[in-house]
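Descriptive structure summary
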Amino acid sequence: MASPHGSSREGRARGDRLARWSEFEERYVRDHAGEGAKAIAEALGRTVASVQWKASSMGVSLLKRWLCPRCGRYSYHPPAKWSGWCRRCSVEHSADSAAMKNRELRAEIAEERRRIQESERRRQAIYADTSRRKRELCRLRELPQSNHK
Ligand SMILES: [Zn+2]
């Protein structure tokens, strides 16, 4: 790790102010810690080693993390590619959509069943009516009641 004092590499492109960290830079390290040492080093024009040293002296972790746009929490794992969300949000979302598909399927089955039952009732009513009419016709023609119903 680079020394805080006197390493000329720390102040790359910063002329003679090389080793001093301004309040702005310290705040920047704190606020952008989750972007990782490399991104901060590029933004501040310092070396990665110097940013790492500074963060550690401030007690700030430079572990790269990602903000999940769905739940607003930070995660130390990259977001799922298909969703851009943290693992928990991604899994929750797929569980939700699986549950929705399941509900749709159940509703479709219930509707199919209802329609079949309705047709069966209608068919039964027609059969019953046909048999009544046949008996009525036999009665009107004074024929003996046939064995067909
Ligand atoms: Zn999330």
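Structure report, in brief. (Residues numbered from 1 in each chain as written. Predicted model: local features only at pLDDT ≥ 70, side-chain atom pairs only at ≥ 80, totals over all residues.)

Moving on to the overall build of the chain. Scanning the chain from terminus to terminus reveals four helices and two strands. N-terminal to C-terminal, the α/β element order of the chain is α-α-α-β-β-α. In the chain, buried positions account for 10% of the 149 residues. Taking all contacts inside the chain whose residues are at least 6 apart in sequence as the whole, residues at least 24 apart take part in 35%. (Helix = DSSP H or I, 4+ residues; strand = E, 2+ residues; numbered from the N terminus. Buried ≥ 20, exposed ≤ 12 C-beta atoms within 10 Å, placed from the backbone. Contact = placed C-beta atoms within 7 Å.)

In this model, helix α4 (residues 87-140) (54 residues) spans 79 Å end to end at C-alpha, consistent with the 80 Å of a helix rising 1.5 Å per residue. Little of α4 sits out of view: just one of its 54 residues are buried. (Expected span 1.5 Å × (residues − 1).)

Moving on, we come to the packing of helix α1 (residues 23-31) against helix α3 (residues 48-58). Closest axis-to-axis distance for the α1/α3 pair is 10 Å, and the angle between their directions is 80 degrees. Viewed along their axes, α1 and α3 adopt a mutual orientation that is roughly perpendicular. Here Glu 26, Val 29 and Arg 30 of α1 come into contact with α3, specifically with Val 51, Lys 54, Ala 55 and Met 58. Split into classes, the residues belonging to the contact of α1 with α3 amount to four nonpolar, no polar and three charged. (Axes fitted to C-alpha atoms, helices over the stretch in contact; angles between N-to-C directions. Parallel < 35°, antiparallel > 145°, perpendicular 65-115°, else oblique. Nonpolar A, V, L, I, M, F, W, Y, C, P; charged D, E, K, R; others polar.)

Another aspect to go through is unusual backbone geometry. With a phi angle near 55 degrees, Glu 142 is a residue other than glycine that sits in the positive phi range. Note on placement: Glu 142 falls in the segment after α4. Taking the C-beta count within 10 Å as the criterion, Glu 142 has 6 such neighbours and is therefore assigned exposed.

On to the nonpolar core. Soluble globular proteins: nonpolar side chains tend toward being buried together. In terms of nonpolar packing, the biggest core is built from six residues, these being Val 29, Ala 37, Ile 40, Leu 44, Val 51 and Leu 62. Ranked by the residues each element gives to this core, the list is headed by helix α2 (residues 37-44), at three residues. When neighbours within four sequence positions are excluded, Leu 44 is seen to be in contact with Glu 25, Tyr 28 and Val 51. (Core = buried A, V, L, I, M, F, W, Y, C linked by C-beta atoms within 7 Å.)

Let's shift gears to the environment of Ala 33. Positionally, Ala 33 belongs in the loop between α1 and α2. Overall, Ala 33 belongs to the partly exposed group, with 19 C-beta atoms counted inside 10 Å. Spatially, the C-alpha atom of Ala 33 lies 4.9 Å from that of Leu 62, the residues being 29 residues apart in sequence. Residues contacting Ala 33, with those up to four places away along its chain left out, are Ala 55, Val 60, Ser 61 and Leu 62.

Let's shift gears to the packing of α2 against α3. The interhelical angle for the contact between α2 and α3, taken along N-to-C directions, is 110 degrees, at an axis separation of 8 Å. Taken together, the axes of α2 and α3 lie roughly perpendicular to each other. Mapping the contact onto sequence places Ala 37, Lys 38, Ile 40, Ala 41 and Leu 44 in α2 and Val 48, Val 51 and Gln 52 in α3. Partitioning the contact of α2 with α3 into residue classes produces six nonpolar, one polar and one charged.

What follows concerns α2. Listed in full, the buried residues belonging to α2 are Ala 37, Ile 40 and Leu 44. Buried positions in α2, seen along its axis, are confined to an arc of 70 degrees and lie on one side of it. Looking at the buried side of α2, the elements it contacts are α1 and α3. Directly beyond the C-terminal end of α2, a positive phi value near 70 degrees is found at Gly 45. (Arc of directions from axis to C-beta.)

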